[in-house]
Amino acid sequence: MLVSVQEAKTMYEELGATFVDCRFDLQDDQLGFQNYEAFHLPGAVYFHLEQDLSGTVETIGGRHPLPHLDSFVQTLKAKGIDDETVIIAYDDNHAFASRFAWMMKAIGHQQVYILNGGIKAWRNKEYPLSTEQVEKPSVTSRQSWHFNESFIATQDYVRRHIEDDQIAIIDSRNYERFIGKVEPIDVKAGHIPSAKNFDWMNLFKEDGLFKHEDELKTYFSSLEMYKEIVVYCGSGVTAAPNVIALWEAGYDHVRLYVGSFSDWISNEDNEVMTFEEE
């Protein structure tokens, strides 16, 4: 699912792959599009985390719930993407591109990839960039996408499996947030009971690339005994790179808890743990 900049350039030139720019800043929701306007990969279309890759925030569902399928499909079609399009998603930290790529896989799109190293790796090769805002012809034909529920964990699913010794629940946030020492965003601190901490930032090498498959297998080796893995973070965004990395390491049965911790704490009946897991 990960492609190098060399592979991406070849796929663009020879297969007509569409680049999808997913850059976003959680503190400034306009910065990603401004960066896209300043420069982007040739022919890239822009997807905004909150406008395109998330639905309406409600009292439950977390800070970045999934959009309704019909809405997401209309967005894809409006940007010239159909179920035959070869897609290469990128950003500048892998979080948002991973969210997009996971969503595409979850609706059954097979030919979606992530640019390993993002736009920085592309620029390091001095490959061409563009400032042209791309408007591709809207797709009008009927598409076959639908959400595959086996990719998704809901709050109810997590509650039902929280003590299942065959299912691992992993928290993708940093250790200090995991143990409840700090919580800069949510109204409660801590983690879901039984969760194990796998900080998503540990997935990358110093140059910003995902670690090699063998390194990822070693990193996740303590999860080999489980038949399924449920991944969460604060709002279902930075958990996505962990899902991608688990796939790269050979784990097939992985679910993303899209609502994540921000959804979990919306229910007063849900227990929250602090410090190390019991």
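Everything below is about the structure printed above this text.
Thresholds applied
Counting from 1, residues in each chain are numbered in the order their sequence is written. In view of the model being predicted, local features appear only for residues whose pLDDT reaches at least 70, and side-chain atom pairs are presented and counted only at 80 or more, with totals across whole chains, interfaces and linings using the full set of residues. Processing note: side-chain calculations cover all non-hydrogen atoms of the structure and skip hydrogens and water entirely. Secondary structure elements are taken from DSSP: a helix is a run of H or I of four residues or more, a strand is a run of E of two residues or more, and numbering for both begins at the N terminus. Our radius of gyration is a C-alpha quantity, and the globule rule it is checked against amounts to 2.2 Å times the number of residues to the power 0.38. Note on classification: 1.4 Å probe, protein chains only; a residue is buried when its accessible area is under 20% of the maximum for its type, exposed when over 50%, partly exposed between these limits. We call two residues contacting when some pair of their heavy atoms lies within 4.5 Å. Note on areas: Shrake-Rupley with a 1.4 Å probe; residue coverage comes only from the protein chains shown. Strands are labelled as partners when DSSP assigns at least two bridges between them. Note on geometry: axes are C-alpha line fits, over the in-contact stretch for helices, and angles between N-to-C directions span 0 to 180 degrees. For this analysis, a nonpolar core means a set of buried residues of the types Ala, Val, Leu, Ile, Met, Phe, Trp, Tyr and Cys, connected via side-chain atoms within 4.5 Å. Pairs of N or O atoms within 3.5 Å make up the polar contacts considered here, provided that, within protein, one atom can donate a hydrogen while the other can accept it, and that residues adjacent in sequence are counted only when both atoms are side-chain atoms. When a carboxyl oxygen of Asp or Glu lies within 4 Å of a side-chain nitrogen of Lys or Arg, that pair is called a salt bridge. Here, a disulfide means two cysteine sulfur atoms that sit within 2.5 Å of each other.

1. Section: the overall build of the chain
A count of helices and strands for the chain gives 11 helices and 10 strands. Taken over the C-alpha trace, the chain has a radius of gyration of 18 Å; the compact-globule value for 278 residues is 19 Å, and the two agree within 12%. Considering only C-alpha atoms, the chain reaches an extent of 50 × 35 × 35 Å along its principal axes. Sorting the 278 residues of the chain into buried and exposed places 53% on the buried side. Once local pairs closer than 6 in sequence are excluded, the contacts in the chain between residues at least 24 apart make up 75%. With the model as given, the accessible surface of the chain reaches about 13,100 Å², and the carbon-plus-sulfur share is 46%.

2. Observations regarding the sheet that holds strand E6 (residues 152–153)
Pairing is parallel in the open sheet, where five strands are placed in the order E6-E10-E9-E7-E8. The open sheet is flanked by E6 and strand E8 (196–197), the only strands paired with a single partner. Here helix H10 (residues 240–248) sits on the sheet and contacts strand E7 (167–171), strand E9 (228–232) and strand E10 (254–257); the angle it forms with E10, its principal contact strand, is near 180 degrees.

3. Thoughts on the sheet that holds strand E4 (residues 87–90)
The five strands lie next to each other as E1-E5-E4-E2-E3, forming an open sheet whose pairing is parallel. One side of each edge strand has no neighbouring strand; the edge strands of this open sheet are strand E1 (2–3) and strand E3 (45–46). In terms of strand pairing, strand E2 (residues 18–21) meets E3 through two bridges, oriented parallel. Opposite Val20, over in E3, you have Val45 as the bridge partner.

4. Brief notes about the nonpolar core
In this structure, Phe100, Trp102 and Leu223 are the most contacted members of the largest nonpolar core, which totals 74 residues. At nine residues, the largest contribution of residues to this core is made by helix H5 (residues 95–106). Filtering out sequence-adjacent residues up to four positions away, Leu223 remains in contact with Ala168, Ile170, Lys196, Phe198, Ile229, Leu246 and Tyr251. Core analysis: the next-biggest nonpolar cluster, separate from the first, contains 16 residues, Ala195, Tyr257, Phe261 and Trp264 among them.

5. Digging into the side chain of Glu228
The residue Glu228 is located in strand E9 in this model. Residue Glu228 is classed as buried on the basis of its relative accessible area, which comes to 12%. Of the polar contacts made by the side chain of Glu228, one reaches the side chain of Tyr157; its length is 2.5 Å. The residues contacting Glu228, other than those within four sequence positions of it, are Tyr157, Gln166, Ile167, Ala168, His253 and Arg255.

6. Some remarks on the pattern of salt bridges
Enumeration over the complete set of coordinates arrives at 12 salt bridges. A salt bridge links Asp21 to Arg23, with the nearest nitrogen and oxygen atoms 2.7 Å apart. Assigned by exposure class, Asp21 and Arg23 land together as buried. Of the charged contacts in the structure, one is a salt bridge between Arg173 and Glu183, with a shortest N-O distance of 3.5 Å.

7. Some thoughts on the state of the cysteines
Per the stated rule, a full pass over the model turns up zero disulfides. Looking at the unpaired Cys22, the closest cysteine sulfur is the one in Cys233, lying at 16 Å.

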